[in-house]
Each structure stands twice: as structure tokens, then as C-alpha cells.
Amino acid sequence: MANTPIWPGSSSFFPGDTPFGFYDNDIDFQTDADRVAIFVARRLGYPLVDVELQDINFYAAFEEAITTYGNEVYAYQVAQNYLSLEGASTGSNLNNALIRPNLGTIVRISEQYGVEAGAGGNVTWRTGSLNLTRYVQKYDLNQWAISQSIEAGDLEIKRVFYEALPPIVRYFDPYAGTGTDVQGLLQAFGFGSYSPGINFLLMPINFDLQKIQAIELNDQVRKSNYSFELINNQLKIFPVPIENKILHFEYILKSDRNNPVVSGSMGQGKITNVSNAPYNNPTYSYINSIGRQWIFEYTLALCKEMLGYVRGKYSTIPIPNSEVTLNHGDLIAAATTEKTALIERLRAYLDETSRSKLLEKRAQESENLQKELSNVPYTIYIG
């Protein structure tokens, strides 16, 4: 223990003295490295007591404190902006970039609803056809899928083109307006030269609904009303076909819908998780005094921990007629508490600068300002 080199009271930093060299070439880091070493040594009791650390120990703690600070800050940035970052390129360093929110990820998430509604999305709708046989009403589309080399259970029918024309098609028949007693109105408003189908402009909406319902009911009661029933890809069509014809339909493959990987996202340098968001170690010279003070305190806590483990190797030191007990336990306990408190303080500070918190504060300020202005006497103007 007595032969172990201890802190001599001063140091001179050179690039390469830190374990990783993240900040060695930063002029501000080079200047602060020796200042931090003096600060920490004096906080640990030097020159009243020896400090069993060397300059490289102080530099290593200083580098770790800066890296920890950057990790906390950028992890918070990733959490705040991940919905806007996901899918972007990993080729740009975002350390000092201003992130513009976008709806890319939200749209990608919502595309699945478009697939189910048949209004777009990210799953291909395919087309198929089936030969209907005279007097055969039921057809197994699973068997059709197997004949098309589609894996059993992978077929999902989305649309079958075997239905009567919708009533709205016949609602606008050129002769539809002749029985509604609105021809005089059409002529009076200058619509007489157009198709009578435009008479809906002059009728209440409930009239349109009743007329469409009447057409549908007429088809169901007086006509055969072409329709179908589809359960578990077992197709039953109505009425029973009386001639051979081709039935067309649209379908998707469940494997396409269940595939979670976005096309073109694998191995293409895209941000796919928080680990590859392009944030690097911070530039020390860009860190303001608030951040640097946190770094100094965290460096001190790390050095306390380091010194505690060093002194813990020798719990007691013999001296003439007695022995000295070292304070390694106190140092380690204090270091653990201080590190935890510093991390919690930094996270609380970052949370106070989140978008939601800032907007909440702005709304509160606006409300308070309105209350303050309401106490200002109003001027009565006499013209």
C-alpha cells in the first residue's frame, strides 16, 4: 500500500490518457480534464489526506461521466421522437439536429385498417376466377386455392363479384323523375334541360332512402336477387346457376397480412429500433454549464466509488502500536447514493422539458395571463 503511487497534487493531460479517447481531441475537454482532477482530489480530502488514485483514474471517470450524460440526454431524445425517427435513414448524425415531427409511422400503423376496408393499405389484393357449373350451388374455395399452389388456410376472400346491381344505379334511371311530380320545379329552377335524375337536389334525404329501400325490397320479393354466402371459404350462391359461367373474386394471402417486416427495411440502413438511432457521444465543447456541472459531480461520485474499492483492498493498515481502519464502506455507500440521485435529477430535468410538459406550462401561462389582464380597467371611449 505504501509503495502505490498516489495523487501528487497536479497532472498534465495528453490525448490517449483516457480508456476510449472519445473526447481527447476536444480542446475544452483537454482543459477541463486537469481542472476536474484537482476538483475531485480536493473534494476527497487532498492535501490533508492522501488520495490513492492517479491522474488516469480521474480522466477515466471524467470520460465516463460525459458519456453517461450523453446517453441520458440522447436516450430521452429517442424516446421523445421515435415515432418520427422510425424508418428514417441511419446515415445522419442526429446529435445536434432539430427533429421535425411527422406522421410516417402513424400512417404505416393505420395502413392495416385500409387493407381490411378495401381502401388501400400495404397488402396486395389478388384476383381469381371460378368456373360455375350448372345447377351446382356450393363451391369449396379452399380446394381452388390448393389448385393454385396456395398453402391451405392462407386464402382469405375479400370480395365476390356476384351481387345484384346496387339500387342507387337504378335510382338515377332517366325515367325515374317522371313519377315524382317535380318536373315543374325542375323547369322553374332552370334544370329542365338536364336529366330528371337530378331531382334529388329538390327532395329531402329521407325520400332518397325510402326509394332505395323500396328498390331493394322489390328485388328480394319479386326477383331472384343475386347474392352469396361465404363461410370458411365455402361459397354458396343464390340463385342456383342455370348455366355455366365464370365467377370473379378478389382475395389476399394471410401470410402477406401477417408479415410484420416492412418491405425494403432489412439491411437498408433504416432506423428500426432505439439501438440504431444515429446518436453519437456528445461533443463536450457544446455542453453548457448546466450539463458540465452535472458531469463534474458525477465524476466525483465515480472517483469516490473507485477510491472506496481501492481502500477496500486494505481494510486496515498497521501502524506502530495500533492500526488504522479505512473508510472504504462509507465511500462506496456515498458514491452509490450520489450516482442514483444525479441520474434521477437529470431525468427529472429532461422530463420537465418534454413537449407535453412545455405545452402544459404554456397553456398555464396563457391562462394566468388572461386572468391578470382581466383585472386591467377597461377604457370607456366616448366618440
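The structure reproduced in this document is the subject of the present report. Starting from 1, residues in each chain are numbered consecutively following that chain's sequence as written. pLDDT decides what is reported in this predicted model: residues at 70 or higher carry local features, side-chain atom pairs at 80 or more are listed and counted, and totals for whole chains, interfaces and linings draw on all residues regardless. Note: side-chain values were computed over all heavy atoms of the structure, leaving out hydrogens and water.

Time to look at the overall build of the chain. On a plain count of helices and strands, the chain comes out with 11 helices and eight strands. Taking all 383 residues of the chain together, 30% fall into the buried category. Here the contacts in the chain between residues at least 6 apart in sequence split such that 73% fall between residues at least 24 apart. With the model as given, the accessible surface of the chain reaches about 24700 Å², and the carbon-plus-sulfur share is 54%. Each helix is a run of H or I in the DSSP string that is no shorter than four residues. Each strand is a run of E no shorter than two, and both are numbered from the N terminus. Buried residues are those whose accessible area, probed at 1.4 Å on protein chains only, stays under 20% of the maximum for their type, while exposed residues exceed 50% and partly exposed ones sit between those limits. Here a residue-residue contact requires only that any non-hydrogen atoms of the pair lie within 4.5 Å. Per-residue and other accessible areas were derived by the Shrake-Rupley procedure at a 1.4 Å probe size, with only the shown protein chains allowed to occlude residues.

The next subject is the pattern of salt bridges. A pairing counts as a salt bridge when a side-chain nitrogen of Lys or Arg comes within 4 Å of a carboxyl oxygen of Asp or Glu. Under the definition given, this model contains 18 salt bridges. Between Lys 158 and Glu 116 there is a salt bridge; the shortest N-O distance is 3.3 Å. With a gap of 42 residues between them, Lys 158 in strand β3 (residues 155-160) and Glu 116 in helix α3 (residues 104-117) connect regions that are remote in the sequence. One salt bridge in this structure joins Glu 243 and Lys 245, with 4.0 Å as the shortest N-O distance. For Lys 245, a relative accessible area of 31% corresponds to the partly exposed category. Look at the salt bridges and you will find they share partners, linking Asp 28, Asp 32, Arg 35 and Arg 292 into a network.

With that out of the way, let us pick up the packing of aromatic side chains. Ring geometry is summarised as follows: Phe, Tyr and Trp rings, the Trp one being its six-membered ring, pair when their centres sit within 6.5 Å, and such pairs are stacked at plane angles under 30 degrees, edge-to-face over 60 and tilted between the two. Under the criterion given, the structure shown has 17 aromatic pairs. Consider the rings of Tyr 69 and Trp 294, whose centres lie 5.7 Å apart with planes at 45°: the pair is tilted. Taken together, the residues Tyr 69 in helix α2 (residues 55-85) and Trp 294 in helix α9 (residues 289-312) connect sequence positions 225 residues apart. In this pair, the class of Tyr 69 matches that of Trp 294, namely buried. With 6.1 Å between their ring centres and 50° between their planes, Phe 249 and Tyr 251 make a pair best called tilted. With respect to burial, Phe 249 and Tyr 251 carry one shared label: buried. Taken together through their ring pairs, the aromatic side chains of Phe 13, Phe 20, Phe 22, Tyr 23, Phe 29, Tyr 59, Phe 62, Tyr 284 and Phe 296 make up a single cluster. The side chain of Arg 292 reaches across the aromatic face of Tyr 284, ending 4.4 Å from its centre. Two limits define a charge over a ring: the Lys NZ or Arg CZ must be within 6 Å of the ring centre, and within 35 degrees of the ring normal.

A one-sided burial pattern is seen for strand β5 (residues 234-238), the buried positions being Leu 235 and Ile 237 and the unburied ones Gln 234, Lys 236 and Phe 238. In this description, strands pair whenever DSSP reports at least two bridges between them. As paired strands, strand β2 (residues 138-140) and β5 are joined by three bridges and run antiparallel to one another. Paired with Tyr 139 across the two strands is Leu 235, which belongs to β5. In this structure, the hairpin formed by strand β4 (residues 227-231) and β5 is closed by a connection of two residues, where Asn 232 is found at a positive phi of approximately 55°.

An order of β1-β6-β3 is seen for the three strands of this open sheet, with the pairing classed as antiparallel. Bordering the open sheet on either side are β1 (126-132) and β3, each of which pairs with just one other strand. Neighbour-to-neighbour, the strand axes of the sheet open up by a mean angle of 45°, direction not taken into account. Here β3 pairs with strand β6 (residues 245-253) via five bridges, running antiparallel. In the sheet register, Leu 155 faces β6, and the bridge partner there is Leu 253. Each axis is a line fitted through C-alpha atoms, and for a helix only the stretch in contact is used; angles between axes span 0 to 180 degrees, taken between their N-to-C directions.

For α9, which comprises 24 residues, the first-to-last C-alpha distance of 34 Å matches the rise-based estimate of 34 Å (1.5 Å per residue) to within 8%. Any pair of N or O atoms that falls within 3.5 Å is considered a polar contact. Within protein, one atom must be able to donate a hydrogen and the other to accept it, and sequence-neighbouring residues count only if both atoms are side-chain atoms. The distance from a side-chain oxygen at the start of α9 to the backbone nitrogen of Ile 290 is 3.2 Å, and the residue carrying that oxygen is Asn 288. Residue count minus one, scaled by 1.5 Å, sets the expected span of a helix.

With that settled, the discussion passes to the sheet that holds β5. If you walk across this open sheet you meet the three strands as β2-β5-β4, and the pairing is antiparallel. The open sheet has two edge strands with one neighbour each: β2 and β4. Across the sheet, the axes of successive neighbouring strands diverge by a mean angle of 20°, strand direction being ignored. In terms of strand pairing, β4 meets β5 through five bridges, oriented antiparallel. By the bridge assignment for β5, Ser 227 is matched with Phe 238.

For the rest of this paragraph, the subject is the pairing of β6. The sheet contact formed by β1 and β6 spans seven bridges and is antiparallel. Bridge pairing in β6 places Arg 126 opposite Tyr 251.

The contact between helix α1 (residues 27-43) and α9 brings their axes to 10 Å, and the two run at 50°. In terms of axis orientation, α1 runs oblique to α9. Helix-helix and strand crossings are classified by hand; for α1 and α9 the assignment is right-handed. Contact with α1, carried on its side by Asp 28, Asp 32, Val 36, Phe 39, Val 40 and Arg 43, involves Arg 292, Phe 296, Thr 299, Leu 300 and Cys 303 of α9 and no other residues of that element. Roughly parallel refers to an angle under 35 degrees, roughly antiparallel to one over 145, roughly perpendicular to one between 65 and 115, and oblique to any angle outside these ranges. Definitions for this section: a left-handed crossing has its near helix turned counterclockwise from the far helix by less than a right angle. A right-handed crossing has that turn clockwise.

Here we come to the packing of α2 against helix α10 (residues 328-352). Where α2 meets α10, the closest approach of the two axes is 10 Å, and the angle between their N-to-C directions is 35°. Every pair of crossing elements has a handedness; the one defined by α2 and α10 is right-handed. Of α10, the residues touching α2 (which contributes Thr 68, Tyr 69, Glu 72, Val 73 and Tyr 76) are Ile 343, Leu 346, Arg 347, Leu 350 and Asp 351. Of the residues contributing to the contact of α2 with α10, the split by class is six nonpolar, one polar and three charged. Just so you know the grouping, Ala, Val, Leu, Ile, Met, Phe, Trp, Tyr, Cys and Pro go in nonpolar, Asp, Glu, Lys and Arg go in charged, and all remaining residues, Gly too, go in polar.

These figures capture arrangement, not role.
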